[in-house]
Amino acid sequence: MTTIAKAVAASPIGVHGAARLTARIEVDGHGVHTGAPGRVTLTPGDPGSGRLWRSRGMSVPIDATLVDGAPGQSSLRVGDLALQTVEHVLAAISVLGLRDVVLEGEGEAPILDGTVGAWVERLRPAVVGDDPRPTTTLPRVLRVEAAGGRATVAPAKRRELAVRIDFGEGWSTVAAWGEGDDPTLWLSARTFVRQVDVQAFQAAGRGRGASLENTFVLDPTDPCGQSEAARHKLADLVGDLAVMPPDLAFQAWVVRPSHALNRNLARAIASISPIG
Ligand SMILES: [Zn+2]
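What you see is a predicted model; the values in this text were computed from it and never measured.

Chemist: Please set out the overall build of the protein chain residue by residue, giving values where relevant.
Modeler: Broken down by element type, the protein chain carries seven helices and 20 strands. Since a compact globule built from 276 residues should have a radius of gyration of about 19 Å, the 17 Å found for the protein chain is in line with a globular shape. Seen through its C-alpha atoms, the protein chain measures out along the principal axes to roughly 45 × 45 × 40 Å. Per-residue burial over the protein chain gives 44% buried out of 276 residues. Long-range pairs, those at least 24 residues apart, make up 74% of the contacts in the protein chain with a sequence separation of at least 6.

Chemist: Please set out helix H6 (residues 223-240) residue by residue, giving values where relevant.
Modeler: For an α-helix, the turn length of 3.6 residues means that residues three or four places apart are oriented alike. Helix length check: H6, at 18 residues, gives a terminal C-alpha distance of 26 Å against a target of 26 Å (1.5 Å per residue), a fit within 8%. Counting buried positions along H6 gives 14 out of 18 residues, so the element sits mostly inside the fold.

Chemist: Provide a residue-level description of the nonpolar core, including the pertinent values.
Modeler: Residues Val89, Ala92, Leu96, Leu234 and Val238 are the most contacted members of the largest nonpolar core, which totals 65 residues. Residue contacts for valine 238: discarding those within four places in its chain leaves Ala91, Ser94, Val95 and Leu161.

Chemist: Tell me about helix H7 (residues 259-272), and please be specific about residues and values.
Modeler: If you check H7, its first and last C-alpha atoms are 20 Å apart, about what 14 residues at 1.5 Å a residue would give, namely 20 Å. Of the residues making up H7, those classed as buried are His259, Leu261, Asn262, Arg263, Asn264, Leu265, Ala266 and Ile269.

Chemist: I'd love a proper account of the packing of H6 against H7, names of residues and values included.
Modeler: The interhelical angle for the contact between H6 and H7, taken along N-to-C directions, is 35°, at an axis separation of 9 Å. For H6 against H7, the interelement crossing comes out right-handed. Along its contact with H6, which presents Asp236, Leu237 and Asp240, the element H7 presents His259, Asn262, Arg263 and Ala266. Its residues placed into classes, the contact of H6 with H7 shows two nonpolar, two polar and three charged.

Chemist: Break down the sheet that holds strand E13 (residues 142-146) for me, with residues and values.
Modeler: Strand order across the open sheet formed by five strands is E13-E14-E20-E15-E16, with mixed pairing between neighbours. Of all the strands in the sheet, the pair left with one neighbour each is E13 and strand E16 (172-178). Sheet twist, expressed as the mean angle between neighbouring strand axes with direction ignored, is 10°. In this structure, E13 lies alongside strand E14 (residues 149-154), joined through five bridges in antiparallel fashion. From the neighbouring strand, glutamate 145 faces E14, where its bridge partner is arginine 150. Against the sheet, H6 engages strand E15 (160-166), E16 and strand E20 (251-255), with an angle of about 135° to E15. Against the sheet, H7 contacts E13, E14 and E20, and its axis sits at roughly 150° relative to E13.

The rules behind each value
Residues numbered from 1 in each chain as written. Predicted model: local features only at pLDDT ≥ 70, side-chain atom pairs only at ≥ 80, totals over all residues. Helix = DSSP H or I, 4+ residues; strand = E, 2+ residues; numbered from the N terminus. Rg over C-alpha atoms; globule rule 2.2 N^0.38 Å. Buried ≥ 20, exposed ≤ 12 C-beta atoms within 10 Å, placed from the backbone. Contact = placed C-beta atoms within 7 Å. Expected span 1.5 Å × (residues − 1). Core = buried A, V, L, I, M, F, W, Y, C linked by C-beta atoms within 7 Å. Axes fitted to C-alpha atoms, helices over the stretch in contact; angles between N-to-C directions. Left-handed = near helix turned anticlockwise from the far one by under 90°. Nonpolar A, V, L, I, M, F, W, Y, C, P; charged D, E, K, R; others polar. Pairing = 2+ DSSP bridges.

Following this line, the structure appears as structure tokens:
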């Protein structure tokens, strides 16, 4: 059994439950895009304070108005202050059901081993509680298109997410997950790069901190790689949608997901959300 599987088996993870952090957790490492060392700190928030981002004395609620980003990553941004590649730690906060938590840091969040599971492993020992919380659903269906992809969101009793990846190479793969279901498959999915994009990304200065330790090169003929890539896109979607109120339920079906599409989707959902 992998360490991640053990962490999941030790205590069920589900965003149906409202959990809280009991200790300060510091996570160090380098960023996948900048290669720069960075630290993200998570501390318990006051009851009812929600999810906050703190940096240099600033403390703001994490919501859809903060999300920004360059290709290949999502950031929290206020003016010149940014925390880049924040999607994996946000996905961990979301899947663990953390309601009141302070995320502190700037620069680029550590990539660790390229999975959301690595963040869950670090946080899980300090997470307690899994109290059921009622959910509020979206009032209507909405559709969003961006960056060559499209998303449809509909009312639902719980948060259910599905992605289909398709790079126009004659294959496509689906990954799906619902709140309360076992997240192991997407927690363990690594960051990836398509072989055909490697040179262009390097020329653009992206992926300075990428290595085979945290990123796999997607071979389009390998079904296992296709599956892991779809599961990682699902993990990124969980993270990009973690800026939504945790008790907001909806069903999202995203074709050709990207951080740009995911962020537009988050803003669109926020614009019709009945809860803030
Ligand atoms: Zn990712």
